[in-house]
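The primary structure of each chain is shown beneath.
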Amino acid sequence: MSDESLFREVDEEVRQEQFKKLWERYGNIVVALAFVVVAAVGGWKFWQYWQVTQSEAAAETYFAAVRLATSGKTDEALARFATVDHEGFGQVSRMRQANLLAKQGKGDEAVKLYDSIAADASADPTLRDAARIRAGYVLADTLKPDELLARVGMFDKEENPWRHAAREIMAIAAWRTADYALADRYVNAIIGDPEAVGSIRQRAQTLAQLITPQLGQK
């Protein structure tokens, strides 16, 4: 055996001896770490699977409720929407519940639900704004303009996508309370806005025709 071969063999034995000592000292820690990694990966995969199954179940319940609502089974739809317990579908379900309650003439219940959505910091900001506007439409038949202003006034700003709806809500309340000058101001703000959608613009034009004769009597 050459000197070089002898040195390699001795070196290999030394490394093995060092590895043996290291394993005896740290082997349990290595095994424990490996177990933790495997458990963590398994836990993560299980959590992902659970999230998917929860989302699928929520989606199935939500769309079943939508079908019930579409077919006119409102009470059954309301009950089904109320069972959706999911971060995403749950928020939309609450919105659909409030919409159905409003259509049933249960304004107080609808507004309470809309307000709960608007106050939910975890809800999507757009959904929260939509809830405020929806509540405003429901309350336009009962609240005074200044009370509604506290609810939807923040939307009456240029470039705010909800400004047309907010102005319509204020115009309705002003017309109802015979504040024709205020109603006229809001309907003209809608009509004069080139970005006002067709349906809101048409309603504003109709209301303007009713307001004009009243203004002439002042």
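Cut-off values and rules
- Residues numbered from 1 in each chain as written.
- Predicted model: local features only at pLDDT ≥ 70, side-chain atom pairs only at ≥ 80, totals over all residues.
- Heavy atoms only, no water.
- Helix = DSSP H or I, 4+ residues; strand = E, 2+ residues; numbered from the N terminus.
- Buried < 20%, exposed > 50% of the residue type's maximum accessible area, 1.4 Å probe, protein only.
- Contact = heavy atoms within 4.5 Å.
- Areas by Shrake-Rupley, 256 points an atom, 1.4 Å probe, with all protein chains shown as cover.
- Axes fitted to C-alpha atoms, helices over the stretch in contact; angles between N-to-C directions.
- Parallel < 35°, antiparallel > 145°, perpendicular 65-115°, else oblique.
- Left-handed = near helix turned anticlockwise from the far one by under 90°.
- Nonpolar A, V, L, I, M, F, W, Y, C, P; charged D, E, K, R; others polar.
- Polar contact = N/O pair within 3.5 Å; in protein donor to acceptor, adjacent residues only side chain to side chain.
- Expected span 1.5 Å × (residues − 1).
- Core = buried A, V, L, I, M, F, W, Y, C linked by side-chain atoms within 4.5 Å.
- Salt bridge = Lys/Arg side-chain N within 4 Å of Asp/Glu carboxyl O.
- Arc of directions from axis to C-beta.

Details of the overall build of the protein
Piece 1. When its secondary structure is counted, the protein shows nine helices and zero strands.
Piece 2. The secondary structure elements of the protein, listed N-terminal to C-terminal, are α-α-α-α-α-α-α-α-α.
Piece 3. The buried share of the protein, reckoned over its 218 residues, is 32%.
Piece 4. The long-range fraction of contacts in the protein, counting pairs at least 24 apart against all pairs at least 6 apart in sequence, stands at 47%.
Piece 5. Within the structure as shown, the protein displays about 14100 Å² of accessible surface, and the carbon and sulfur contribution to it stands at 57%.

Some details on the packing of helix α4 (residues 107-118) against helix α5 (residues 125-139)
The angle between the axes and the distance between the axes are what describe a pair of packed helices.
Piece 1. For the pair α4 and α5, interaxial distance at closest approach is 8 Å and the crossing angle is 155 degrees. In terms of orientation, α4 lies roughly antiparallel with respect to α5. Taken as a pair, α4 and α5 cross one another with a handedness that is left-handed. Mapping the contact onto sequence places Gly107, Val111, Tyr114, Asp115, Ile117 and Ala118 in α4 and Leu127, Arg128, Ala131, Arg132, Arg134, Ala135, Val138 and Leu139 in α5.
Piece 2. Taken together, the residues of the contact of α4 with α5 break down into nine nonpolar, one polar and four charged.

Quick word on the environment of Thr212
Piece 1. Assignment of secondary structure puts Thr212 in helix α9 (residues 198-216).
Piece 2. Residues Thr212 and Tyr180, 32 residues apart in the sequence, show an inter-C-alpha distance of 8.4 Å.
Piece 3. Here the side chain of Thr212 touches Ala208 through a polar contact of 2.8 Å, landing on its backbone oxygen.

Comments concerning α5
Piece 1. The first and last C-alpha atoms of α5 sit 21 Å apart over 15 residues, in line with the 21 Å expected at 1.5 Å per residue.
Piece 2. Those residues of α5 not exposed but buried are Leu127, Ala130, Ala131, Ile133, Ala135, Gly136 and Leu139.
Piece 3. For α5, the N-terminal cap is Asp124; the gap from its side-chain oxygen to the backbone nitrogen of Thr126 is 2.9 Å.

Topic: the nonpolar core
Piece 1. The biggest cluster of nonpolar side chains holds 46 residues, and the ones touching the most others in it are Met95, Tyr114, Ile133, Leu148, Val152 and Val187.
Piece 2. For this core, the element with the most residues is helix α7 (residues 163-176), which contributes seven residues.
Piece 3. Each residue touching Tyr114, except ones within four places of it in the same chain, is listed here: Met95, Ala98, Asn99, Ala102, Ala131, Arg134, Ala135 and Val138.

Here's the deal with the side chain of Asn99
Piece 1. Topologically, Asn99 is positioned in helix α3 (residues 87-103).
Piece 2. In this view, Asn99 contacts Tyr114 and Arg134; residues no more than four positions away in its chain are not counted.

Overview of the pattern of salt bridges
Piece 1. The final tally for this structure, using the stated rule, is 10 salt bridges.
Piece 2. Across the pair Arg94 and Asp120 runs a salt bridge whose closest N-O atoms are separated by 3.2 Å. Taken together, the positions of Arg94 in helix α3 and Asp120 in the loop between α4 and α5 put the pair 26 residues apart, joining distant regions of the chain.
Piece 3. Among the residues examined, Asp120 registers a relative accessible area of 19% and is labelled buried.
Piece 4. It is possible to trace a salt-bridge network through shared partners that takes in Asp156, Glu158, Arg163, Arg167, Asp193 and Glu195.

Thoughts on α4
Piece 1. Under the 1.5 Å per step criterion, the end-to-end length of α4 is 16 Å for 12 residues, consistent within 8% with the ideal 16 Å.
Piece 2. Of the positions making up α4, those classed as buried are Gly107, Ala110, Val111, Leu113, Tyr114, Ile117 and Ala118. On an axial view of α4, the arc spanned by its buried residues comes to 165 degrees, and they lie on one face. For α4, the exposed residues lying more than 90 degrees away from the buried face are Asp108 and Lys112.

Section: unusual backbone geometry
Piece 1. You will see that Glu159, though not glycine, has its phi angle at about 80 degrees, which is positive.
Piece 2. Structurally, Glu159 can be placed in the loop between α6 (145-152) and α7.
Piece 3. For Glu159, a relative accessible area of 66% translates into the label exposed.
Piece 4. The backbone phi angle of Ala178 is positive, close to 65 degrees, even though this residue is not glycine.
Piece 5. When you line up the elements, Ala178 lands in the loop between α7 and α8 (180-191).
Piece 6. The class for Ala178 is partly exposed, based on a relative accessible area of 37%.

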